[in-house]
Every structure is written in structure tokens, then in C-alpha cells.
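Residue strings, one per chain:
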Amino acid sequence: MFKTLWNSLSSQKSGESVAAPAFDRNKLKMLAEYFPIGTKLRYYPEYQREIVFDTIIIAYRVNDHFIYSRDAIVFDGEGFPTGFRIAGKKVLPVAALEKFQILLPDTTSAEKTLSYVTRAELGRGGQFRVGNAVTLFVETDDRGIPTVDTMVDRRQIMNTGPFADSATILVTPEFDSLILADKRRKQRVEAAILADLYLAVEGAPFQCVLGDFSERSLRLRVGDVRWPMPPMAPEHTVVVEFVLGDAGTICRLRGRVFRRTDDFCVIDIDQVYKFGEFEKIQPMDVMEITTTLLNMRPGPAMGGDGTD
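These numbers come from a predicted model, not from an experiment.

(A) Representation of the state of the cysteines within the structure. Overall, the coordinates contain zero disulfides when judged by the stated rule. Cysteine Cys-208 remains unbridged, with the sulfur of Cys-265 as its closest cysteine sulfur at 6.3 Å.

Here it is, written out as C-alpha cells:
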């Protein structure tokens, strides 16, 4: 009886047609606007926000057809994609879209800049193992940061096209994850304590003031002397040192320059100095620094993430 019922259900399912996935036209518009072909952007693998690399979108792949130019996308008068030119003048309408993927260059070599421990956290297959998550985001001067999670489909050497013989990564975006992330969503702790900024291992420190601290960044501002911040290129590695708490504990943090002006700079935090070496900063480290800063002054002052 059970076997007969099972075979009946199986036959019924095999006869059913599988409907093509419907793509949200609003999400397609957002992706075409914020992640167009040719866009330079950044990403972090496997949801590890402290590991950030640069990349670029070199193509879309729609229904297994590669398109390498923004001109291959057809828009209506309101900016919504209506189709894709896939072969000469042939247009694939959005209504017929069954598969949408993004082609990125293979940036596996960037893993060489990571510590042994961090590389190990990515696993034996590295950041682009099939099925891994790759989160793409675009840094802007606005409040919102366009962000989308993607899944690695495969690594491949292109056989034809403008990127023939190039190593690439094919990923599938998860459209439900496509958002404008709010830069202010991370709380910050305001501070006003002296700090030393080191631009080189053997260099003299630049004395400034720790203005605020958050989970992923800190802001330094110039002191009363008003010397301008020293020249710093984005992504330059620096070390920040300050006294934490009444016990005089020295806190050393290593990170990368996110933004620099004459009056202040914002540092993305990567590591904390513990037990004689720099280690990846952990949530417990952030909590310890936060609670100590909160208790070094009367009353908390909370706000954004220090990247305003």
C-alpha cells in the first residue's frame, strides 16, 4: 500500500513542470544600481568581517550567458531592468530569467596577507570553496552601505570572451540579503583619553586623542596642540596605544586606516595585543574595552559607529 502511494506521488511530481524562480524587480534594480558591471568593491568571506579584500565585478551571467557590459542591460523609464542582451541583439526578458550570477576575479592570492591562524579559519579550501559565503559591499560617503551575500558556485578559467585564460570566481547573489546597511547601527562609546598612533614599527608615535570606540572601529582626533593628522593612505596598517582604566593597563590595537582628515582619522580594528603578540580581536576583548571606557567617565554617551 505504502509502495503504491509512494510511486503514485513520485509519478505525479515527475509530471509537474518546475516553475522558474521569480526575481524581485526592486531587488534587480538595486543590484544593477549598486553592483553594476565594472564596479570596484570590497568583500569578506564566510561572514568574517575582519577579513576584507578588494575585488571588481567583471560580468553578470544570466541563464548561463555571460554579459560584460552595462550596456547589455535594458532598462525602462523608471530604471528597472527589463531584459539582457545575450547574443547580438537578442534580448532575454526579465520574465524569462531563471538564473542570475556574478563573475569576480580569483583573488585567492590575497590570502597570503593573512596570518596562519586566520588562513586556517577559512578552511583547507580557502575562501572560495564551493558553497562558501562571500559578502560584497560598496563603501560610500552616504549613510547606507550596499551589501549582498553571495554563494560560491565554482572557480574557473575562462575559455572565451574578454577574460579568456583568466582565473575567475562565479557566485550567486542571495537577493533577500541585498540591503543598504546602516553605518550607524553599531553603537559607539565616546572617550577623551590620550592615545599614541604608530604609523611604522620603529617610528615615533603621533600623540592624539581617542574620540570614540566601537566594535569594529575607533576614531582618533587631534589634541589641544592642533597638529594635523599625519599623512595616511587608506588601508595603511597602524597601531593605536592608550591607557585603559585606573590600573594603567596599556591597550594596543592594530588596524587599517579607513578615513583620514587633518582633524581626525577612523581606524578599522583588526587585532589586539595580548600575551606578547597581536591576535585577532574577539567579542570578549571588545566588551572589556567598552565596559572599561564606560567606567572611566561619568555617564555613557552612545551613538553611531564612529565612521560618520
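(B) Looking closely at the pairing of strand β6 (residues 81–87). Taken together, the three bridges between strand β5 (residues 73–75) and β6 define a ladder with antiparallel strand orientation. Across the sheet, residue Val-74 finds its bridge partner in β6, namely Gly-83. Hairpin connection from β5 to β6: five residues lie between these consecutive antiparallel strands, with Gly-79 at a positive phi of about 90°. In this structure, β6 lies alongside strand β7 (residues 90–93), joined through four bridges in antiparallel fashion. Residue pairing for β7: Gly-83 is matched across the bridge by Pro-93.

(C) Spatial organisation of the sheet that holds β7. Read from one edge to the other, the open sheet built from three strands follows the order β5-β6-β7, with strand pairing classed as antiparallel. Sheet topology places β5 and β7 at the edges, where each strand pairs with a single neighbour. Across the sheet, the mean angle from the axis of one strand to that of its neighbour is 35°, orientation sign disregarded.

(D) Structural view of the nonpolar core. Counting residues in hydrophobic clusters, the biggest one holds 35 residues, and the most contacted among them are Phe-35, Tyr-60, Phe-84, Phe-100, Ile-102 and Leu-136. Those elements giving two or more residues to this core turn out to be α2 (25–34), β1 (40–45), β3 (59–62), β6, β8 (100–105), β9 (133–137), β10 (144–157) and β11 (167–173). Broken down by element, the residue count for this core peaks at three residues, all from β8. Residues in contact with Phe-100, not counting those within four places in the same chain, are Phe-23, Leu-28, Leu-31, Tyr-60, Arg-61, Val-62, Phe-84, Thr-172, Pro-173 and Phe-175. Formed by 29 residues, the second largest nonpolar core is a distinct cluster that contains Ala-191, Leu-197, Phe-206 and Phe-242.

(E) Structural detail: the packing of aromatic side chains. Applying the stated criterion across every chain, the model contains 10 aromatic pairs. Between Tyr-273 and Phe-278 the ring centres are 5.1 Å apart and the planes differ by 70°, which places this aromatic pair in the edge-to-face class. Among the aromatic residues, ring-to-ring pairing joins Phe-23, Tyr-60, Phe-84, Phe-100 and Phe-175 into one connected group. When the ring centre of Phe-80 is taken as origin, the NZ or CZ atom of Arg-25, which lies over that ring, is 3.8 Å away.

Rules of the game
Residues numbered from 1 in each chain as written. Predicted model: local features only at pLDDT ≥ 70, side-chain atom pairs only at ≥ 80, totals over all residues. Heavy atoms only, no water. Disulfide = S-S within 2.5 Å. Pairing = 2+ DSSP bridges. Helix = DSSP H or I, 4+ residues; strand = E, 2+ residues; numbered from the N terminus. Axes fitted to C-alpha atoms, helices over the stretch in contact; angles between N-to-C directions. Core = buried A, V, L, I, M, F, W, Y, C linked by side-chain atoms within 4.5 Å. Buried < 20%, exposed > 50% of the residue type's maximum accessible area, 1.4 Å probe, protein only. Contact = heavy atoms within 4.5 Å. Phe/Tyr/Trp six-rings, centres within 6.5 Å; stacked < 30°, edge-to-face > 60°. Lys NZ or Arg CZ within 6 Å of the ring centre and 35° of its normal.

None of the figures reported here should be taken as evidence of function without further support.
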